[in-house]
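The residues making up each chain are set out below.
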Amino acid sequence: MADLSDAHSAALPAPPSGGCVPRHVALVMDGNGRWAKQRFMPRFFGHKQGVDALVRAVDAFADRGVQYLTVFAFSSENWKRPSEEVSGLMGLVLVAVSKYLTKLAGDGVRIRIVGDRSAVSDKLRSAWEHAEEMTRENTRITLAVAFNYGGRWDILQACRKALSEGLPAQALDEAWLAQHMALSFAPDPDLFIRTGGEMRISNFLLWQAAYSELFFTDCLWPDFGPAQIDAALAAYARRDRRFGAIHPNQVVPEST
Ligand code: FPP
């Protein structure tokens, strides 16, 4: 399948250097299993390579001026996978934290975990807390790891907070909900990237991605490197974001 994301703009000139860089990129890291299968390796091998690809990607996005990167590491629906794969992913996260936390912290990465922590092990929960605490003051880029996260869960948990706080219906507005959702510390994602050839959002950041520019690529996640990042950012820089409005030069002045 071809990259349909920007087929129409392939002939356009490259964006000017220093052009528009998204402040916040959301990323669905899909294709680890297929990447491993192509190499006659178990799926877990693909996930392991996926972690390494993520660490490289954080650095590359930060170098290009992206301030927030939110990645879908484990969805609310991923529990439906075979139990060996689920426990493999949980173990992999613990290994990844011990292998990469010092590097990420030293590279100026602030780590935040978003999602329902109630279902993960105490060991994983304390590893997350340690990672967040150790990187709290970092400012180069914020890496938000969505783990046991679902966009519907996020909206629902914010609504539940409103009810449990006894918020009157008239006081519940978009700003209140946004402030009580998992990514309340970040601006909405400007660019939403999904690797692995599927063209869907899969219950990721349903609320926050309302006006995100979408970029889908066939590239399998472990192969997603600086060249693919540059292609996604170049495509973004060519987009025309109007947020439901129209261009000022399309407004016909009222006749006097
Ligand atoms: C989708 O590929 C990938 C996942 C469900 C897991 C992504 C997780 C990582 C890259 C590890 C993240 C780790 C940390 C520490 C944040 P898939 O298995 O659906 O691939 P397929 O579509 O080819 O089967």
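What counts as what
- Residues numbered from 1 in each chain as written.
- Predicted model: local features only at pLDDT ≥ 70, side-chain atom pairs only at ≥ 80, totals over all residues.
- Heavy atoms only, no water.
- Near = heavy atom within 4 Å.
- Polar contact = N/O pair within 3.5 Å; in protein donor to acceptor, adjacent residues only side chain to side chain.
- Areas by Shrake-Rupley, 256 points an atom, 1.4 Å probe, with all protein chains shown as cover.
- Helix = DSSP H or I, 4+ residues; strand = E, 2+ residues; numbered from the N terminus.
- Nonpolar A, V, L, I, M, F, W, Y, C, P; charged D, E, K, R; others polar.
- Core = buried A, V, L, I, M, F, W, Y, C linked by side-chain atoms within 4.5 Å.
- Buried < 20%, exposed > 50% of the residue type's maximum accessible area, 1.4 Å probe, protein only.
- Contact = heavy atoms within 4.5 Å.
- Phe/Tyr/Trp six-rings, centres within 6.5 Å; stacked < 30°, edge-to-face > 60°.
- Lys NZ or Arg CZ within 6 Å of the ring centre and 35° of its normal.
- Salt bridge = Lys/Arg side-chain N within 4 Å of Asp/Glu carboxyl O.
- Axes fitted to C-alpha atoms, helices over the stretch in contact; angles between N-to-C directions.
- Parallel < 35°, antiparallel > 145°, perpendicular 65-115°, else oblique.
- Left-handed = near helix turned anticlockwise from the far one by under 90°.
- pLDDT = per-residue confidence, 0-100.
- Pairing = 2+ DSSP bridges.

Things to note about the site of the ligand
The environment of the ligand is made up of 16 residues, and the closest members are D30, G33, R34, R43 and R81. R81 has a polar side-chain atom sitting 2.8 Å from an oxygen atom of the ligand. In the complex, 89% of the free accessible area of the ligand, which totals 620 Å², lies under the protein chains. Elements represented by at least two residues in the shell around the ligand include exactly α1 (32–38) and α2 (43–63). In terms of residue count, the dominant contributor to the shell around the ligand is α2 (five residues). Class assignment of the residues belonging to the shell around the ligand gives a composition of six nonpolar, six polar and four charged.

Considering the nonpolar core
Where a protein is soluble and globular, its nonpolar side chains tend to be buried together. Among the nonpolar cores identified, the biggest contains 49 residues, and F61, L69, F147 and I193 are the most heavily contacted of them. Here this core takes ten residues from helix α3 (residues 83–106), the largest share from any one element. Dropping the residues within four chain positions of it, I193 is found in contact with V25, A26, L27, V28, F61, F215, F224 and A232. Grouped together as the second largest cluster of nonpolar side chains are 16 residues, Y68, Y149, F204 and L205 included.

Quick notes on the packing of aromatic side chains
This structure, assessed with the given rule, holds eleven aromatic pairs. The interplanar angle of 50 degrees and the centroid separation of 5.7 Å between the aromatic rings of Y211 and F243 together place this pair among those described as tilted. In this pair, Y211 sits in the loop between β5 (191–194) and β6 (213–216) while F243 sits in the segment after α7 (226–238), placing the two residues 32 residues apart along the sequence. Take Y211: its relative accessible area is 49%, and that puts it in the partly exposed class. Relative to F224, the ring of W221 lies with its centre 5.3 Å away and its plane at 25 degrees, an arrangement referred to as stacked. Comparing W221 with F224 shows no difference in burial state: the two are buried. An aromatic cluster is defined as three or more aromatic residues linked by ring pairs; in this entry it consists of F72, Y149, W153, F192 and F204. Lying across the ring of W35, R39 places its NZ or CZ 3.9 Å from the centre. One Lys or Arg, R112, reaches over the ring of F185 and ends 4.2 Å from the middle of that ring.

Comments concerning the pattern of salt bridges
Evaluated as defined, the whole model comprises 18 salt bridges. Ionic pairing is found between D122 and R125, a salt bridge with its closest N-O pair at 2.4 Å. Note that D122 and R125 are positioned in helix α4 (residues 122–134) at a spacing of three residues, about one turn of the helix. Within this structure, D190, E213, R239 and R241 form a network of salt bridges that share partners.

Some remarks on the packing of α3 against α4
Where α3 contacts α4, the two axes come as close as 10 Å, and the packing angle between them is 15 degrees. It follows that α3 is roughly parallel to α4 by the angle criterion. α3 and α4 meet at a crossing whose hand is left-handed. For the pair formed by α3 and α4, the contact residues are M90, V93, L94, V97, L101, T102 and A105 on the first element and K123, L124, A127, W128, H130, A131 and M134 on the second. Within the contact of α3 with α4, the residues separate by chemical class into eleven nonpolar, two polar and one charged.

Considering the confidence of the model for the protein chain
For residues with low pLDDT, the predicted coordinates do not support detailed interpretation. Here the protein chain shows a mean pLDDT of 91. Residues at 70 or above account for 90%. pLDDT under 50 marks residues 1–18. Its contacts with residues more than four places away, or in other chains, come to 21 contacts.

Notes on the packing of α2 against α3
Contact pair α2 / α3: the axes reach a minimum separation of 10 Å and the direction vectors enclose 30 degrees. As far as their axial angle goes, α3 and α2 are roughly parallel. Of the two possible hands of crossing, α2 and α3 adopt the one that is right-handed. Contacts from R43, F44, H47, K48, V51, D52, V55 and V58 of α2 reach α3 at E85, G88, L89, L92, A96, K99, Y100, K103 and L104.

Let's talk about the sheet that holds strand β2 (residues 68–75)
Taken in spatial order, the six strands make up an open sheet running β3-β4-β2-β1-β5-β6, and their pairing is parallel. With partners counted over all chains shown, the strands left at the sheet margins are β3 (109–114) and β6, one partner each. Taking each pair of neighbouring strands and ignoring which way they run, the sheet shows an average axis angle of 20 degrees. As paired elements, strand β1 (residues 24–28) and β5 share four bridges and run parallel to each other. What sits directly across from A26, in β5, is F192. Contacting β1, β2, β3, β4 (141–149) and β5, α2 runs over the sheet at an angle of about 140 degrees to β4.

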